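For reference, the chains in residue letters:
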Amino acid sequence: MLSMSTNNLSYNDQGGSDSAVEVGQETTPTSSNAGAGFGLFSTNFKKNDDLKEMLESNKDSLKLDAMKRIIALIAKGKNASELFPAVVKNVASKNIELKKLVYVYLVRYAEEQQDLALLSISTFQRALKDPNQLIRASALRVLSSIRVPIIVPIMMLAIKEAASDMSPYVRKTSAHAIQKLYSLDPDQKEHLIEVIDKLLKDKSTLVAGSVVMAFEEVCPDRIDLIHKNYRKLCNLLVDVEEWGQVVIITMLTRYARTQFTSPWKEDGLFEENSETAFYESDEKKTKNGDEKKSYMMDPDHRLLLRNTKPLLQSRNTAVVVSVAQLYWHLAPKHEVGVITKSLVRLLRSHREVQYVVLQNIATMSIQRKGMFEPYMKSFYVRSTDATHIKSLKLEILTSLANEANISTILREFQTYVKSQDKQFAAGTIQAIGRCATNISEVTDTCLQGLVLLLSNRDETVVAESVVVIKKLLQTQPTQHSDIIKHMAKLFDNIAVPMARASILWLMGEYCERVPQIAPDVLRKMAKSFTSEEDIVKLQTVNLAAKLYLTNSKQTKLLTQYILNLGKYDQNYDIRDRTRFIRQLIVPNEKSGALGKYARRILLAPKPAPVLESTYKDRDRYQLGTLSHTINTKASGYLELSDWPAVAPDQSVRNVEVIEPVKEWAPSLGKTGKSKLSKSSDDKFYSDSGEEKEKGSGSSSSDDSSSSSEESSSEAESDEEKSSSQSSEESDKSSSQSEKSSSESDSEQKKTTKKPPQKKTVKPTAKDSDSDENGNVAKETSSSSAEETSSGSESGSDADSHSGTERKKKTKSKAKPKMEVKSTKEVSLLKEVSLLDLDDFTPTPVTRPKMSVLSPSLLGDLEGLSLSNISSTIQVSGPAFVPEKSHDLLHRMTGKGLSAQYQFPRQPCLYQPTMVSVQISLTNTTDHPLEQIHIGDRDPTGLDMHCFNAIECLLPEASVTVSLGVDFNDSTQAANFQLCTKEDQFSVSIQPAVGELFLPATMTEQDFRKEQGKLLGMNESSATITMAAENTTRQPISRQVATVANLGVVPSGQDNIHRFAGKTASSGALVLVTVELRELSAALITINTEKSVMGPMLLRDLKRALAWA
Amino acid sequence: MINSLFLINPSGEIFLEKHWKSVVSRSVCDYFLEAKEKALEPEDVPPVIHTPHHYLISIYRDKLFFLSVIQTEVPPLFVIEFLHRVAEMIQDYFGECSETVVKDHMVMVYELLEEMLDNGFPLATESNVLKEMIRPPTILRSVVNTLTGTSNVGDTFPTGQLSTIPWRRAGVRYTNNEAYFDVVEEIDAILDQSGTTVFAEIQGVVEACVKLSGMPDLTLSFMNPRLLDDVSFHPCVRYKLWESERVLSFIPPDGNFTLMTYHVNAQNLVAIPVYVKQSISFFECGSDGRLDVTVGPKQTMGKTVEGVMVTVHLPKTILSINLTATQGSYTYDNGTKLLVWDIGKLNPQKLPNLRGSLSLQAGAPKPEENPSLNIDLNIQQLAISGLKVNRLDMFGEKYKPFKGVKYITKAGKFQVRT
């Protein structure tokens, strides 16, 4: 029976009023959750005994069964704490499902059974070291959920360790654990902040949301922790999971309000409706008018706005609203409009979503009608809407009303007034009242309409109308005595006290305008006084007093009668009022001085009530918050600060190492501009987006690209710093770390082998050391840092990643590596990074997957290399795409099917070693051609990626398909058969040698260095006489680009033009130099190890440059 | 963030509770139950309730209340959205979301909830990820499980969680590779007595059922993307490509999902597929009234209108009705005063008509307003906005998928005022 009693006890603790019922339920034998076997046992504790037995058995299946029942008990809210000892024994079970259930149980009851819970701790500590990240993570989850103060130090340690775990998932869990520990023991704050700081630097999208959440909960005031991570968070935002996005956006809103200056002042149309704000801005204008003109939005501010905008298209309503509030609070007034559509879209979502969104719109629409006016009809009420939705829509419609649309709105209101939902109808009448006061043009119409409503059958409607009319008349009392008369006539029929009282008050207030009627009404009231409601009685007394003062002849006796009645009323309020009035108005000795002022007291002109929205003052809360919804400050609400008058130092956001803001800002502009053309998909690649664009955009922006590189990867910075101290040291250490000492060896060998080269190489190397802020170091560390960074991004893909890799290497003395580097080395690097616990996302699984993915991401291709074959030279976009297309199949030979091919000079989608070919097929027959596909190929080994068979090509229709052909760096034609359903045609694609290249970008230094290695038989050259027009840079570049798909290498000398490319299949370098000599002679030099292609290219170039 | 979750049935019984932080006594629900008592309809319960120490945010869905307890400031939509995800997850796992289903799968639901939140913050809400951790029940598996004692809990780590595409699991294999897209458009409209359109708009949704092996990369393009005014996407859709080229490029999740929702440009006039001729009148003297409703096709683009249904909330003062329908059948619930006329297919030659008399409670005044009619309908093989899918291309995989697109037009909130 012991167990039974504990059971009940804890129930009382927990259940409150429900406990009695629950206990009753539990003791009933037919408890539903009891399995078939339990029917035998009649009491609860026996049932638990049974569970205990099952838990102690040897069979996992029995234990599992027992655990399932226990969890079901917990889910139903029943107490299962007494089973704790039996359950905790199974914590080390091998069965993963059982283990999970035990974890679930522990999390629920550990707090109540602290001593016993400690038994399980060691298991978790062991599990924290498990090689499986899933187990590590769940161990940390459970450990941190055990709310037992004694284990705080253990938790702290575990969190710290997990924060530097190589799995981002574990790191995410640690971010959650921070909050749990903080709520358990706030004294740990300082240590936890350290961990948060560390995790904030994490570049995994998985971690970002959770750590910001922890930040918000533990140390929301430590804004300084955000500075360095601000840009990274902005850039990562699109890739973070939805929930994280909400949290980050909310935090960034707050952050931005403390860091940037207001973008609103310049707009002039500041807060349309709020007067005070208007004056304020005026004042400011005069004060610092100069400043205003020169307002420039901080590029970081702009970055935030730009990066959040796409999220308006999120399917998650919380994300959309959080972006909307960000724009509302941060964007210049003229840009806020972009959120309107998305908010209106949310109105089609669930009822609860509508509720919150409408509330936010209500607040917004008061300040800025214009925003939602075009969508007015979306706020029309349907009879099926829930009551609170209806009133919110009404609220918004009222706010949106203006001279132009008022007639439409009033017509709509007419429908609502007739609604069966009387509460709603009453609300509509109030809304009409508000429209009438706000828009003077329609006041009369509204009044007339409301008067008509007075004859409505429904009491609430009539009452509400009277009240509203009263308020309206107060605003313009001079006219409308006929309305007052009308109301007096209706008085007998109106039963609602509030309405009666209102009419009486009106009579009293304007008794001089209706001198005939008022005394009559008072007469009637005197008759029915005793049976009236209190509120009516009070107004009757008021009316009597006012009439007594203005028209004492007629009403003296009536007044005295009423005052007498009031004197003995049951309600003390009325008795008090009566006594007071009597003293005030009826002159006698005692009344003294006050009596003289009776008229001024009672008939003082009263200000008209202001009819305004209940959402008027809601804007003191940040939109989208809980506080805004409930209109009180919720616990934990963080105020949105005002804009600072002067922006704090913006450089705090600069990430260490180089990069002044100025340089960064233009690069931003570029990203913005190039977005369309690039159509790069930031969703996946936001992290490296900037770099990508740089690479393809221009090869000359070396500096800025390196800086942007830095900005997005702080992780590197440390390493860089340390390594830049001495290039040699770093060289060594890094080569060690890369486990590729062979590489550095070969490097050295080369330099010794070629003494003449040494001179040229060395200075450049030095240059780069000193000038470019340790490019050498960067380059060497890049291989490892890169791996880590790309890993931790988790949103990174092999593509963009290899792109950056290549780019970085081009920058300095990367060249020697190129030969050594191979896929083998890449794998080596991976190995290395596996050991690098600090910042690595171990996704050996995802990596290959990504590379499968990448070729297909059409939009990202431009400007990006595809191959994973490592090379130091970065492939760039084509400088020029010739329009020229070649005949593949003439329509005569093709029986009406004609085909032409051209080289789009794009990296091939299917395989990086292939050259992409576009074929446009046209059907010139009068019947559809079916099943167009590629048949046999010759040579049979020809590696070719065919297009998907075309089901049907209609007459006169044409279609363009793309092929990938691996020409294997030879100009040998690719022969294959183009088949239709009936026929087969042999065709061949003959590539010009120039089409077998992919353009590459590199620096001049690299070029020279590479060239130095390709001398002798790798060099072919010729002197030609240039055509007259081909003497300047532009025409030469164009001619070369027409002939061959090469990239332009920037050149310091005016007379030397350099071009570089790689062969598609083998990736061998092709370097072209055109050196102008006197008398329009020119020396063309081609360096490539492909000794066949060199002369062929030379021949083509000669022809083009000489003759053109 | 989210502290606890209670599932409550319409009669006020709490049948599941889950706590992610310290246990909150279920007595906190009393505030909610009180509000529920006050509300006339379950829909009228305010979604956010402020109690002395907690904030209660609830949704009402599938005849269940999902009530969450909050202790500190959090965007209410965050919670609401999450609660809807819970409901969707239950629906996804067990086919429907109802009290019985939850009670039958209590443990699994509990485990799922455990995985979905950690310390009140969403951990895994993608169905693809969850399904790898906790496999949904199938008949076959439950048989196998009982025989072999294996479990539904995945022991491998969900790969999706760590990749850049958390919505898709790795290693998907199908023998038949197929991708189906349903373009479903709903007409939201309010028509007034005379049949003129007060307000009408079209919103659409592209539902996808993609069962493709490997890692397909799909590109869906429309013939007339300009029609689309405002769109929202599944996270898999590359927004930048949509911006620049107006194509949907995405690596799809496995299985069923909503690819996008859209709103059709407001400038385009909305074709209203049916007209409704109605007269509902109550006689001033005597407690009597007449109802006469005829539905006919209007702008149907040559398609047949099917599944037509008229729903009327009659005034509370109605005592009984006596109607005859020339087509279909009607049902009337005297308790809720709900009249449902199920017409079915609309035949242009012979227009369906429902007429008859209504009798009011004795002495009750003539109802102020006539009830409005809610229309339901669907038209197969037609997207009323004229939106057309141009083509679907697949990259990244070698096989040839089977592709299909279906168009349906439905009535959304289609209301005729009388």
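Keep in mind it's a predicted model, so treat the numbers as computed, not measured.

Reading the values: the criteria
Residues numbered from 1 in each chain as written. Chains lettered and ligands numbered in written order. Predicted model: local features only at pLDDT ≥ 70, side-chain atom pairs only at ≥ 80, totals over all residues. Heavy atoms only, no water. Helix = DSSP H or I, 4+ residues; strand = E, 2+ residues; numbered from the N terminus. Buried < 20%, exposed > 50% of the residue type's maximum accessible area, 1.4 Å probe, protein only. Contact = heavy atoms within 4.5 Å. Areas by Shrake-Rupley, 256 points an atom, 1.4 Å probe, with all protein chains shown as cover. Salt bridge = Lys/Arg side-chain N within 4 Å of Asp/Glu carboxyl O. Patch = residues over 30% accessible without salt bridge, like charges linked within 9 Å, V, L, I, M, F, W, Y side chains within 5 Å. Pairing = 2+ DSSP bridges. Axes fitted to C-alpha atoms, helices over the stretch in contact; angles between N-to-C directions. Parallel < 35°, antiparallel > 145°, perpendicular 65-115°, else oblique. Left-handed = near helix turned anticlockwise from the far one by under 90°. Nonpolar A, V, L, I, M, F, W, Y, C, P; charged D, E, K, R; others polar. pLDDT = per-residue confidence, 0-100. Phe/Tyr/Trp six-rings, centres within 6.5 Å; stacked < 30°, edge-to-face > 60°. Lys NZ or Arg CZ within 6 Å of the ring centre and 35° of its normal. Buried area = accessible area lost by both parts, 1.4 Å probe.

Chemist: If you had to explain the overall build of chain A to someone new, which residues and values would you point to?
Modeler: Looking only at helices and strands, one finds 51 helices and 16 strands in chain A. The 1108 residues of chain A split such that 59% are buried. When contacts within chain A are restricted to residue pairs at least 6 apart in sequence, those whose partners lie at least 24 apart make up 68%. By element, 53% of the accessible surface of chain A is carried by carbon and sulfur atoms, the whole surface being about 45,300 Å².

Chemist: Which residues make up the pattern of salt bridges, and what values go with them?
Modeler: The tally for this structure, following the rule as stated, stands at 52 salt bridges over all chains. With a shortest N-O distance of 3.5 Å, E81 of chain B and R85 of chain B are connected by a salt bridge. In this pair, E81 of chain B and R85 of chain B are both assigned in helix α2 (residues 76–94), four residues apart and thus about one turn of the helix distant. Looking at R85 of chain B, the relative accessible area reads 8%, which means it is buried. Of the charged contacts in the structure, one is a salt bridge between R238 of chain B and D217 of chain B, with a shortest N-O distance of 3.0 Å. Pair noted here: R238 of chain B is in the loop between β11 (228–233) and α8 (239–245) and D217 of chain B is in strand β10 (residues 217–222), with a separation of 21 residues, a long-range link. A network of salt bridges, in which partner residues are shared, links K100, R141 and K180 of chain A together with K18, E114, E115 and D118 of chain B.

Chemist: Mind laying out a nonpolar patch on the surface, listing which residues take part and the relevant values?
Modeler: Judged by side-chain polarity, L594, Y597 and I601 of chain A come together as a nonpolar surface patch covering roughly 290 Å² of accessible area. Along the polypeptide, L594 of chain A turns up in the loop between α33 (572–585) and α34 (598–602).

Chemist: Please set out the sheet that holds strand β12 (residues 247–250) of chain B residue by residue, giving values where relevant.
Modeler: Residues and elements named next belong to chain B. Strand order in the open sheet formed by three strands is β12-β10-β22, with antiparallel pairing between adjacent strands. Both outer strands of the open sheet, β12 and β22 (389–395), are each paired with one neighbouring strand and no more. With strand direction ignored, the average angle separating the axes of adjacent strands in the sheet is 15°. Where β10 meets β12, four bridges bridge the pair, whose relative direction is antiparallel. Across the sheet, T219 pairs through a bridge with S249, a residue of β12.

Chemist: Tell me about the packing of helix α12 (residues 205–218) of chain A against helix α15 (residues 242–259) of chain A, residues and numbers included.
Modeler: All names here are of chain A. Look at α12 against α15: their axes get within 8 Å of each other, and the N-to-C directions meet at 50°. Our classification of the angle between α12 and α15 gives oblique. For the crossing formed where α12 meets α15, the hand is left-handed. In this structure, α12 contributes A208, G209, V212, M213, F215 and E216 to the contact, and α15 contributes G244, V247, I248, M251 and R254. A breakdown of the residues in the contact of α12 with α15 according to their chemical character gives seven nonpolar, two polar and two charged.

Chemist: Just give me the short version of the confidence of the model for chain B, but keep the residues and values in it.
Modeler: The predicted coordinates of low-pLDDT regions are not to be read in fine detail. Residues and elements named next belong to chain B. Confidence in the prediction for chain B averages 85 pLDDT; 92% of positions are at 70 or higher. Looking across chain B, the model is least confident in helix α7 (residues 159–162), with a mean pLDDT of 50, and most confident in strand β5 (residues 64–70), with 93. Taken over the whole predicted complex, pTM reads 0.66, whereas the ipTM for its chain interfaces reads 0.91.

Chemist: How would you sum up the packing of aromatic side chains? Please name residues and give values.
Modeler: Counted under the stated rule, the structure contains 21 aromatic pairs over all chains. When the ring of F84 of chain A is compared with that of Y105 of chain A, the centres are 5.8 Å apart and the planes differ by 50°; the resulting orientation is tilted. You can see F84 of chain A sitting in helix α5 (residues 84–88) and its partner Y105 of chain A sitting in helix α6 (residues 96–109), a full 21 residues away along the chain. Grouping aromatic residues by their ring pairs yields a cluster made of W243 of chain A together with F78, F82 and F121 of chain B. The lysine or arginine in question, K390 of chain A, covers the ring of F424 of chain A, its NZ or CZ lying 5.4 Å from the ring centre. Between K470 of chain A and the ring centre of W505 of chain A, over which it is positioned, the NZ or CZ distance is 5.1 Å.

Chemist: Residue-level account of the interface of chain B and chain A, with values.
Modeler: Every contact between the two is made by 115 residues of chain B and, on the other side, 117 residues of chain A. Taken together, the two surfaces of chain B and chain A that pack against each other cover about 10,400 Å², and 57% of this comes from carbon and sulfur. The interface formed by chain B and chain A includes eleven salt bridges. Taking the shortest distance from any N to any O, the salt bridge between E242 of chain A and R85 of chain B comes out at 3.0 Å.

Chemist: Can you break down the sheet that holds β5 of chain B residue by residue, with the values?
Modeler: On the basis of which strands lie adjacent, the open sheet formed by five strands has the order β2-β1-β5-β4-β3 (chain B) and antiparallel pairing. Strand pairing shows two members of the sheet lacking a second neighbour, β2 (14–19) and β3 (48–50) of chain B, which therefore form its edges. Between one strand axis and the next, the sheet turns through 20° on average, direction left out of account. Note: strand β1 (residues 2–8) of chain B against β2 of chain B, five bridges, orientation antiparallel. Its bridge partner being in β2 of chain B, F6 of chain B is matched across the sheet by E17 of chain B. Sitting on the sheet, helix α21 (residues 351–367) of chain A is in contact with β3 and β4 (55–61) of chain B, with an inclination near 135° to β4 of chain B. Against the sheet, helix α4 (residues 106–116) of chain B engages β1 and β2 of chain B, with an angle of about 30° to β2 of chain B.

Chemist: Lay out the environment of L897 of chain A in plain terms, naming residues and giving numbers.
Modeler: Residues and elements named next belong to chain A. Mapping L897 onto the fold places it in strand β3 (residues 897–902). Placed 24 residues apart in sequence, L897 and L921 show a C-alpha to C-alpha distance of 7.0 Å. When sequence neighbours within four positions are dropped, the list of residues in contact with L897 reads L889, H890, R891, L921, T922, T924, L929, I932, L953, L978, T980 and F985.

Chemist: Lay out the pairing of strand β9 (residues 197–211) of chain B in plain terms, naming residues and giving numbers.
Modeler: All names here are of chain B. Here strand β8 (residues 178–191) pairs with β9 via 14 bridges, running antiparallel. Each residue of the ladder has a partner; that of F181, found in β9, is A208. Counting the residues that bridge the hairpin from β8 to β9 gives five residues, and of these G195 lies at a positive phi of roughly 95°. Strand direction decides the pairing type here: β9 and strand β13 (residues 255–264), joined by eight bridges, are antiparallel. Along β13, the bridge assignment pairs Q203 with H263.

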